[in-house]
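Chain residues, written in single-letter form:
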Amino acid sequence: MENQFTIITPQYAKHIALIQINRPKELNALNLETMGEIRDAIKMLDADDAVRVIILTGNEKAFAAGADIKQMANKTAIDMFNIDQFTTWDTIKKTKKPIIAAVSGFALGGGCELVMICDMVIASETARFGQPEINLAIMPGAGGTQRMTRAVGKVIAMEMVLGGRFLTATEALQHGLINKVVPVELYLEEAVLLAKTISTFSPIAIRLAKESVNQAFNSTLDEGLMFERKNFYMCFASEDQKEGMAAFVDKRKADFKGR
Ligand code: DAK
């Protein structure tokens, strides 16, 4: 399926869907329409039982160079308030299925924030991560000060947000922002490999586990442990749990149905 600014392939590989941001001339700058398309695509794929993992990518030169500056330039605070883009970002954040970002080139500003909403990140060695909003006399508005700080720690986050420093892919890996760096010709392939692994597991256990990891950012340790415990019990309500344990005992490969 091809929209104006995104390309959506629900059957990219078995159980794997691909969303490609597609504004190459603007380095995939995220205008309102693009963000709307990404949101709608993710919502659609999240509701599709055939899809177990979503990959979000751009092109070799840019994952996304940020929100569209030209579209934002003349907006007032009340325009921004009325547009209420946060609903779109919150919808993406609520996705139940795992999302893997496959990043090459620039992931800046809103592009970097979009990467950080994803659950895992595979990057090409040319990837560059940054929150350069300070150059425009604004600051990150879609999680850049919060998620970046949690990922890389205070001093590096400060340097990125206040000093406009970009992280190379290797630095991003060292600081815990991403999972893996690979040569540029392999970043999508590597993301697909990771997606394939995840797609063989029980979609129910995957969903409960994703929810539980995310809970770590929103609660005290004791609250998080209690949340985890309930989700752990919940796994035992699934046919997949019976299948997974029976397959182990029978020394065969499990076939998970997501029930
Ligand atoms: N917006 C619009 N156009 C952009 C763009 C952007 N963010 N980034 C690049 N482009 C366009 C350029 O204007 C240029 O277009 P033409 O001049 O050819 O028409 C084309 O893409 C190629 O860019 P360059 O010629 O500049 O390419 P270079 O390789 O020389 O430089 C660069 C690449 C990435 C270093 C440079 O383009 C650059 O600095 N871009 C801006 C990066 C940036 O500042 N990003 C942060 C933007 S602010 C919100 C959520 C999120 C946000 C806001 C609100 N809500 C929920 C409310 C996020 C804000 C941001 O991201």
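This one's a predicted model, so the numbers in the text were calculated from it and none came from an experiment.

Novice: Could you clarify how one ought to interpret the site of the ligand in this entry?
Specialist: In the vicinity of the ligand, 24 residues are found, and the nearest of them are Ala65, Ala67, Ile69, Lys70 and Gly110. Residue Ala67 places a main-chain N or O atom 2.8 Å away from an oxygen atom belonging to the ligand. For the ligand, the accessible surface in isolation is 1100 Å², of which the surrounding protein chains cover 67%. Mapped by element, the contributors of at least two residues to the shell around the ligand are helix 2 (69-72), helix 4 (86-93), strand 6 (106-108) and helix 5 (110-117). In terms of residue count, the dominant contributor to the shell around the ligand is helix 2 (three residues). Considering only residue class, the shell around the ligand consists of 13 nonpolar, four polar and seven charged.

Novice: Just to check I follow, could you spell out the pairing of strand 5 (residues 99-103) for this structure?
Specialist: Each regular strand displays side chains that alternate between the two surfaces of the sheet. In terms of burial, strand 5 is a largely internal element, five of the five residues being buried. Covered by surrounding structure in strand 5 are Ile99, Ala101 and Val103 together with Ile100 and Ala102, the residues of both alternating faces. Both strand 3 (residues 53-57) and strand 5 contribute to a ladder of four bridges, which runs parallel. Paired with Thr57 across the two strands is Ala102, which belongs to strand 5. As paired strands, strand 5 and strand 7 (residues 120-124) are joined by four bridges and run parallel to one another. Across the sheet, the residue bridging to Ala101 is Val121, located in strand 7.

Novice: Help me understand helix 6 (residues 144-152) in this model?
Specialist: Three or four residues apart is the spacing at which side chains of an α-helix point the same way, because the helix has 3.6 residues per turn. Of all the residues in helix 6, the buried ones are Gly144, Met148 and Val152. Within helix 6, the buried residues cover an arc of 15° as seen down the axis, which keeps them to one side. If you follow the buried residues of helix 6, they end up packed against helix 5, helix 7 (154-163) and strand 9 (167-168). Just downstream of helix 6 lies Gly153, where phi reads positive at about 90°.

Novice: Looking at this structure, how should I read the sheet that holds strand 8 (residues 128-130)?
Specialist: Strand-to-strand pairing in sheets goes through backbone hydrogen bonds, with the strands running parallel or antiparallel. The four strands lie next to each other as 4-6-8-9, forming an open sheet whose pairing is mixed. Because the sheet does not close on itself, it has two edges, and the strands there are strand 4 (62-64) and strand 9. Bridge count for strand 6 against strand 8 is three bridges, and the pairing is parallel. Bridge pairing in strand 8 places Leu108 opposite Gly130. Its contacts with the sheet place helix 5 against strand 4, strand 6 and strand 8, and it is angled at close to 90° to strand 6.

Procedures and definitions
Residues numbered from 1 in each chain as written. Predicted model: local features only at pLDDT ≥ 70, side-chain atom pairs only at ≥ 80, totals over all residues. Heavy atoms only, no water. Near = heavy atom within 4 Å. Polar contact = N/O pair within 3.5 Å; in protein donor to acceptor, adjacent residues only side chain to side chain. Areas by Shrake-Rupley, 256 points an atom, 1.4 Å probe, with all protein chains shown as cover. Helix = DSSP H or I, 4+ residues; strand = E, 2+ residues; numbered from the N terminus. Nonpolar A, V, L, I, M, F, W, Y, C, P; charged D, E, K, R; others polar. Buried < 20%, exposed > 50% of the residue type's maximum accessible area, 1.4 Å probe, protein only. Pairing = 2+ DSSP bridges. Arc of directions from axis to C-beta. Contact = heavy atoms within 4.5 Å. Axes fitted to C-alpha atoms, helices over the stretch in contact; angles between N-to-C directions.

These figures capture arrangement, not role.
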